[in-house]
Amino acid sequence: MRPLAALAGLALLVAAGPARAEKLVLALSSQQIAIASNYAGSDVTLFGAVRPDGETEALQRGYDLVVTVRGPATTLEVREKERTAGLWVNRERRRFPRTPSYLATLSTRPLDDMLSPEIREGQRLGLKAAAAPRGEDLGRPEFSEALIRLQTGRGLWREEPKGVVFLDPTLFRTTFHLPPNVPFGAFEADVRLFAAGVPIARETITFRVVKSGFEDRVAALAENWRLAYGVATALLALAFGWTASVAFRRD
């Protein structure tokens, strides 16, 4: 019922008041994703509407959308391995600071068909833009390719060229998946509207991924009572060790 309620509320927002300019109105099926020990992944639906002014109404059929969902920024590292004397050893490594820990790019059609290379590069859209070579790596794109391959394999990065669907000329919807290993923190859904390949509107909406249940209580205890948590953990480890030694002791 949550997606239906979000869509109904969105329709009311669009109907209320005159549209003076081309704008985007957004709503999420959930503003907070709670993760417990049995979390196996979830889907979040984003609904949106385009509010065109009278002069741009003729462009409705030419609308394109790109939705970029980003998780908390972090530093990712890629290591190059080489086989030496029959063993795989680490050689060079590259760090990618301020990179989205989670990234999903969804669009109404493939980005290459929708946008020129200049606009796509300027807007920094897609996985390639997020992993673009920097500094000394400008001549070595293999590190960027490896980063995309690793993050995609973990289910944390994805690109869906037909992941956004128009329900009518102005209402649209997209659904993105959050895997079991999704990071905690603040997420942002960045929605950009294009007409004939030209950006004409942009809007963002945020949500959070948080811990719940026993994991949340343990995390709060570790944060607020660090000394007590450390002592309790050490005592618990000793108790388990003593119990195991008694249970498996040989007479």
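Just above sits the structure.
Just so it is clear, the structure is predicted and the values come from calculations on it, not from any experiment. (Residues numbered from 1 in each chain as written. Predicted model: local features only at pLDDT ≥ 70, side-chain atom pairs only at ≥ 80, totals over all residues. Heavy atoms only, no water.)

Re the sheet that holds strand β4 (residues 63-70)
No. 1: As summarised here, the arrangement of the 6 strands in space is β2-β12-β11-β4-β7-β8, forming an open sheet in which the pairing is mixed. With one partner strand each, in any of the chains shown, β2 (32-35) and β8 (157-160) form the two edges of the open sheet. The sheet shows a mean angle of 15° between the axes of neighbouring strands, taken without regard to direction.
No. 2: As paired strands, β4 and strand β11 (residues 185-195) are joined by 8 bridges and run antiparallel to one another. Counted as the bridge partner of Leu65 is Leu193 from β11. (Pairing = 2+ DSSP bridges. Helix = DSSP H or I, 4+ residues; strand = E, 2+ residues; numbered from the N terminus. Axes fitted to C-alpha atoms, helices over the stretch in contact; angles between N-to-C directions.)

Some details on the nonpolar core
No. 1: Counting residues in hydrophobic clusters, the biggest one holds 43 residues, and the most contacted among them are Val69, Trp157, Phe172, Phe176, Leu178 and Phe207.
No. 2: Counting residues per element, this core draws most heavily on β11, at 5 residues.
No. 3: Not counting residues up to four positions away in its chain, the partners in contact with Leu178 are Ile33, Tyr39, Gly41, Ser42, Val44, Tyr102, Phe187, Phe207 and Val209.
No. 4: In this structure, Met114, Leu115, Leu125 and Phe194 belong to the second largest nonpolar core, which totals 6 residues. (Core = buried A, V, L, I, M, F, W, Y, C linked by side-chain atoms within 4.5 Å. Buried < 20%, exposed > 50% of the residue type's maximum accessible area, 1.4 Å probe, protein only. Contact = heavy atoms within 4.5 Å.)

Looking at unusual backbone geometry
Comment: phi is negative for the bulk of residues other than glycine, and the bulk of peptide bonds are trans.
No. 1: Of note in the backbone geometry, Arg98 takes a positive phi value of approximately 55° without being a glycine.
No. 2: Assignment of secondary structure puts Arg98 in strand β6 (residues 87-100).
No. 3: Of the residues examined, Arg98 reaches a relative accessible area of 68% and is grouped as exposed.
No. 4: Its identity as a non-glycine residue notwithstanding, Ala196 has a phi of 55°, on the positive side.
No. 5: The topology assignment puts Ala196 in the loop between β11 and β12 (198-211).
No. 6: On the basis of relative accessibility, which here comes to 75%, the residue Ala196 falls in the exposed class.

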